[in-house]
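Analysis of the macromolecular model
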Number of protein chains: 2
Amino acid sequence: MKKVTILDIAKELDITFSTVARALNDHPAISKNTKELVKAAAERLGYRKNKIASSLRSGKSNIIGVLVPSLDVSFFSSVVHGIESIMNQNGYSVLLYQSQESYKKEDKGIETLLNSRVDGVIASIAINREDSGTYEDIINRNIPLAFFDRSLDDLNAPSVTIDDYKGGYMATEHLIKAGYKNIVHITETRNLAIFKERMRGYKDALKAYGLPLNEDLILKGNLSLDFGKECVKNLTSRKIPFDAIFTLEDFTAMGVIQQLKVQHINIPHEVGIIGFANEAFGSLVSPTLSTIDQQTNRMGEEIALQFLKMLKAGDFYKSAPLRIKLDPILIIRESSQGPTWENI
Amino acid sequence: MKKVTILDIAKELDITFSTVARALNDHPAISKNTKELVKAAAERLGYRKNKIASSLRSGKSNIIGVLVPSLDVSFFSSVVHGIESIMNQNGYSVLLYQSQESYKKEDKGIETLLNSRVDGVIASIAINREDSGTYEDIINRNIPLAFFDRSLDDLNAPSVTIDDYKGGYMATEHLIKAGYKNIVHITETRNLAIFKERMRGYKDALKAYGLPLNEDLILKGNLSLDFGKECVKNLTSRKIPFDAIFTLEDFTAMGVIQQLKVQHINIPHEVGIIGFANEAFGSLVSPTLSTIDQQTNRMGEEIALQFLKMLKAGDFYKSAPLRIKLDPILIIRESSQGPTWENI
């Protein structure tokens, strides 16, 4: 049997859809007489009210808001999968908001989530954020807040991140062990702790293996495929000798690969490459891209579990927050097999 | 000057954070005496209330909910960018919910969005949905609903889709014109109109160019990289002659490419390939993947503009809904350059 809808009642009584909808919801603009007519018709036709239970009047929404820079980046979408999986198992729904790497949009996102009555917020901050700003408002409302990957450590909120220092060290050490000597590092001008940590790892690995630190080999810009291309053009036009590149993330590494191919520079024999973040395309491109995996799914699950604990505990910002650092994992693929065929 | 927070007030009075938060929000569980103490301390310390304006008491939330199968698929994340861009320009925020291709999660998503008091819902349905189900509840509440790409045409809601028949026809025609003769089509077992339309286009193109329809060359399964691999194994083990493959979408095409490479079958000279959807990785892989572009950004913008018109019009389901079909665009890359070197 076809379900009876509001439209059927409207047709039956020859009145508008919205009049029927409002009458059924006891809207004050509708006369008592009309309401009675509509309710009688609804009963006669066998109309049943919506299945959806409204939680508007209860204290809890069972909705968690997740604020991320961009879901185009598979690192973030993969962490979100981990969060959704644990949250759904525990009866929570997850709503997502993209900041597009803008702290202004991020502020708007916090406002939107709070006005949507979420029970809490899990976030990874925008690349250009410089203060804790609107995030304090979440804490001031005593609504639970937790961070993953990119966190604001001044705030009393738990976080799950990876050990970015260790990741930077591992990536650089791998290139050194593969036989590369003049290792470029491409990093960000903008002020994010995770990128600074990756660079610190790079510098310490060079030092540990007795390689000189050459500031000419550290390039700074705004991470993107195009910036990766520019870096290669820049290095080759300035005739700076280099035989490997460690980029702060994978999209920039992809730009490096594309430009090296254009200039007929062999990867990995003339130049070795390693990225960071293990984006989904890295195993599909040619040569396949070596990278650092950040245990994204586990990161999502861990932060969701911490968050559930917070929700249970109740008084969210009383004790020192738990800060979990996951270990990065080195993924060796074709792009960093060593400077000569003999090394493979 | 550092901003005074609720924590500062709590420390000052040596009471808990949540007591302060609740006192400031006039919570009934807090005594009048405590409330006065807290408010006096707040004033003394220079505490200012949250910047965020609550819209809870106004009729409108200015939030639009977007329900998509998966943001991992760049087709969907790209449409979402188009929607966000128009919506943000018009003062709306966008919250996202992933159905993970499950109609059950989709139902939960509708419930979540409605309970978050969104002003409307824009959706693309899950692959296994078979009836209009919970979507009717949106209409019955007289909340605006619109579809993109995958729509429920029984419902009186506007939609923006592309002409999938034309896309299927164009893809097949391109392979025929490039010189391929035994063209496989890989499609879905599940019941989505867009995939049927692509197959109809495939069949009509074969007919138009006088090529026989061979049912052995139509393979059905669940779209995925792995299914693409299986199809190649299946065709070669059964020794079915084929020289080109048109897949219903790009991930399956990627599986086809990977398996052909494993079996040392040359692309595009022994087998040509074209996908559908113009996923981001298609231009990064080797060989680069020919595909059908769906004008994602324009699709997002168009559906957002239709939606804004609906919001203005007020009585959402009175007149026949506008259904816009965009034209697909053929993207020719390396994977379909023709069966012999001479064709390039």
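Residues numbered from 1 in each chain as written. Chains lettered and ligands numbered in written order. Predicted model: local features only at pLDDT ≥ 70, side-chain atom pairs only at ≥ 80, totals over all residues. Heavy atoms only, no water.

**Here we look at the overall build of chain A**
Along its length, chain A carries 11 helices and 12 strands. Against the 2.2 N^0.38 benchmark of 20 Å for 344 residues, chain A shows a C-alpha radius of gyration of 27 Å, more extended than a compact globule. Within chain A, the fraction of its 344 residues that count as buried is 58%. Sequence-distant contacts, at least 24 apart, represent 74% of the contacts inside chain A between residues at least 6 apart. Charge separation in chain A, taken as the distance between the mean sites of 42 positive and 42 negative side-chain charges, equals 6 Å. (Helix = DSSP H or I, 4+ residues; strand = E, 2+ residues; numbered from the N terminus. Rg over C-alpha atoms; globule rule 2.2 N^0.38 Å. Buried < 20%, exposed > 50% of the residue type's maximum accessible area, 1.4 Å probe, protein only. Contact = heavy atoms within 4.5 Å. Lys, Arg positive; Asp, Glu negative; His and termini not counted. Charge placed at Lys NZ, Arg CZ, Asp CG, Glu CD.)

**Some words on the domain arrangement of chain A**
Taken domain by domain, chain A comprises domain 1 (6-49), domain 2 (62-162 + 295-327) and domain 3 (164-294 + 330-336). For domain 1 of chain A and domain 2 of chain A, the distance between their C-alpha centroids amounts to 43 Å. (Domains from an automatic or database assignment.)

**A closer look at the nonpolar core**
Grouped together as the largest cluster of nonpolar side chains are 220 residues, with contacts concentrated most on Tyr-135 of chain A together with Tyr-135 of chain B. Those residues within four positions of Tyr-135 of chain B in sequence are excluded, and the remaining contacts are Leu-67, Glu-106, Ile-110, Ala-123, Ile-125, Arg-129, Leu-145, Phe-147, Leu-152 and Leu-155 of chain B. (Core = buried A, V, L, I, M, F, W, Y, C linked by side-chain atoms within 4.5 Å.)

**Digging into the pairing of strand 11 (residues 323-326) of chain A**
Residue and element names in this part refer to chain A. Judged by which residues are buried, strand 11 turns out to be one-sided: Ile-324 and Leu-326 face inward and are buried, whereas Arg-323 and Lys-325, on the alternate face, are not. Sheet analysis places strand 5 (residues 159-162) next to strand 11, joined by four bridges and oriented parallel. Bridged to Ser-159 within strand 11 is Arg-323. (Pairing = 2+ DSSP bridges.)

**Here's the deal with the packing of aromatic side chains**
Considering all chains together, one arrives at 14 aromatic pairs over all chains under this definition. Both rings, one in Phe-316 of chain A and one in Tyr-317 of chain A, keep their centres 6.3 Å apart while their planes meet at 80°; by these two values the pair is edge-to-face. Taking the relative accessible area as the measure of exposure, Phe-316 of chain A reaches 16% and is therefore buried. Residues Tyr-165 of chain B and Tyr-169 of chain B carry aromatic rings whose centres are separated by 6.3 Å and whose planes lie at 45° to one another, so their mutual orientation is tilted. Remark: Tyr-169 of chain B and Tyr-165 of chain B occur in helix 7 (residues 164-178); sequence separation between them is four residues, near one turn of the helix. The structure contains a cluster of three or more aromatic residues connected by ring pairs, namely Phe-75, Phe-76 and Phe-148 of chain A. Over the aromatic face of Phe-276 of chain A sits the side chain of Arg-198 of chain A, whose NZ or CZ is 3.8 Å from the ring centroid. (Phe/Tyr/Trp six-rings, centres within 6.5 Å; stacked < 30°, edge-to-face > 60°. Lys NZ or Arg CZ within 6 Å of the ring centre and 35° of its normal.)

**Observations regarding the environment of Thr-34 of chain B**
Residue and element names in this part refer to chain B. Here Thr-34 lies in helix 3 (residues 32-45). The exposure class of Thr-34 is partly exposed, given its relative accessible area of 22%. Here the alpha-carbon distance between Thr-34 and Ile-15, two residues 19 residues apart in the chain, equals 9.8 Å.

**A look at the pattern of salt bridges**
Residue and element names in this part refer to chain A. Here the structure, examined in full by the defined rule, presents 26 salt bridges over all chains. Two residues, Arg-129 and Glu-106, come together in a salt bridge whose shortest N-O distance is 2.4 Å. Of this pair, Arg-129 sits in the loop between strand 3 (120-123) and helix 6 (135-140) while Glu-106 sits in helix 5 (residues 103-115), placing them 23 residues apart in sequence. Note on accessibility: Arg-129 and Glu-106 belong to one class, buried. Residue Asp-153 pairs with Arg-323 through a salt bridge whose shortest N-O separation is 3.7 Å. Of this pair, Asp-153 sits in the loop between strand 4 (145-148) and strand 5 while Arg-323 sits in strand 11, placing them 170 residues apart in sequence. Taken together, the salt bridges that share partners define one network made up of Glu-106, Asp-107, Arg-129 and Asp-131. (Salt bridge = Lys/Arg side-chain N within 4 Å of Asp/Glu carboxyl O.)

**Points about the sheet that holds strand 8 (residues 244-247) of chain B**
Remark on secondary structure: sheet strands pair via backbone hydrogen bonds, oriented parallel or antiparallel. Residues and elements named next belong to chain B. With parallel pairing, the four strands of this open sheet are ordered in space as 7-6-8-9. Only two strands of the sheet have a single partner each, and these edge strands are strand 7 (218-221) and strand 9 (272-274). Along the sheet, successive strands turn relative to each other by an average axial angle of 20°, direction set aside. As paired elements, strand 6 (residues 183-188) and strand 8 share four bridges and run parallel to each other. Of the residues in strand 8, the one forming a bridge with His-185 is Phe-246. Against the sheet, helix 8 (residues 193-208) engages strand 6, strand 7 and strand 8, with an angle of about 165° to strand 6. (Axes fitted to C-alpha atoms, helices over the stretch in contact; angles between N-to-C directions.)

**Looking at the interface of chain B and chain A**
Contacts between the two partners involve 59 residues from chain B and, on the opposite side, 60 residues from chain A. Carbon and sulfur atoms make up 51% of the area that chain B and chain A hide from each other, which totals about 5100 Å². For the interface between chain B and chain A, the tally reads zero salt bridges. Broken down by secondary-structure element, the contributors of at least two residues to the side of chain B that touches chain A are helix 1 (6-13), helix 2 (17-24), helix 4 (74-89), strand 2 (93-98), helix 5 (103-115), helix 6 (135-140) and helix 10 (250-262) of chain B. Ranked by the residues each element gives to the side of chain B that touches chain A, the list is headed by helix 5 of chain B, at eight residues. Class assignment of the residues belonging to the side of chain B that touches chain A gives a composition of 25 nonpolar, 22 polar and 12 charged. (Buried area = accessible area lost by both parts, 1.4 Å probe. Nonpolar A, V, L, I, M, F, W, Y, C, P; charged D, E, K, R; others polar.)

**Some thoughts on the environment of His-269 of chain B**
Residues and elements named next belong to chain B. Here His-269 lies in the loop between helix 10 and strand 9. Considered as a pair, His-269 and Ser-61 are 208 residues apart in the sequence and their alpha carbons are 56 Å apart. Here the side chain of His-269 touches Asn-266 through a polar contact of 2.8 Å, side chain to side chain. (Polar contact = N/O pair within 3.5 Å; in protein donor to acceptor, adjacent residues only side chain to side chain.)

**Some remarks on the sheet that holds strand 7 (residues 218-221) of chain A**
Residues and elements named next belong to chain A. Spatially, four strands are ordered 7-6-8-9 in an open sheet, and the strand pairing comes out parallel. In this open sheet, the two edge strands, each paired with only one partner strand, are strand 7 and strand 9 (272-274). Between one strand axis and the next, the sheet turns by 20° as a mean value, whatever way the strands run. The pairing of strand 8 (residues 244-247) with strand 9 spans three bridges and is parallel. Bridge pairing links Phe-246 to Ile-274 in strand 9. Across the sheet, helix 8 (residues 193-208) lies against strand 6 (183-188), strand 7 and strand 8, angled at about 165° from strand 6, the strand it touches most.

**Section: the relation of the copies chain B and chain A**
Superposing the two chain copies requires a rotation about an axis and a translation along that axis. Each copy of the sequence occupies a distinct position, and chain B is placed on chain A by a rotation of 180° and an axial shift of 0.0 Å, giving an RMSD of 0.1 Å. In the structure described here, the two chain copies are related by an operation that fits a two-fold rotation axis. Looking at the interface residues of chain B, 100% of them are also at the interface in chain A, so both copies use one shared face. (Least-squares fit on C-alpha atoms with pLDDT ≥ 70 in both.)

**Brief notes about the confidence of the model for chain A**
All names here are of chain A. With 95% of its residues at a pLDDT of 70 or more, chain A shows a mean pLDDT of 90. Long-range and interchain partners of residues 51-58, a stretch whose pLDDT sits below 50, account for 21 contacts in this model, where long-range means more than four residues apart. As scored by the predictor, the complex reaches a pTM of 0.80 and an ipTM of 0.78. (pLDDT = per-residue confidence, 0-100.)

**Some words on the packing of helix 4 of chain B against helix 11 (residues 296-313) of chain B**
Residues and elements named next belong to chain B. With their axes 7 Å apart at the nearest point, helix 4 and helix 11 run at an angle of 40° to one another. The orientation of helix 4 with respect to helix 11, classified from their angle, is oblique. Our pair here, helix 4 against helix 11, has a crossing hand that is right-handed. Residues Phe-75, Ser-78, Val-79, His-81, Gly-82, Ile-83, Ser-85, Ile-86 and Met-87 of helix 4 touch helix 11, and the partners they reach there are Thr-296, Asn-297, Met-299, Gly-300, Glu-301, Ile-303, Ala-304, Leu-305, Phe-307 and Leu-308. Residue composition of the contact of helix 4 with helix 11, grouped by class: 11 nonpolar, seven polar and one charged. (Parallel < 35°, antiparallel > 145°, perpendicular 65-115°, else oblique. Left-handed = near helix turned anticlockwise from the far one by under 90°.)

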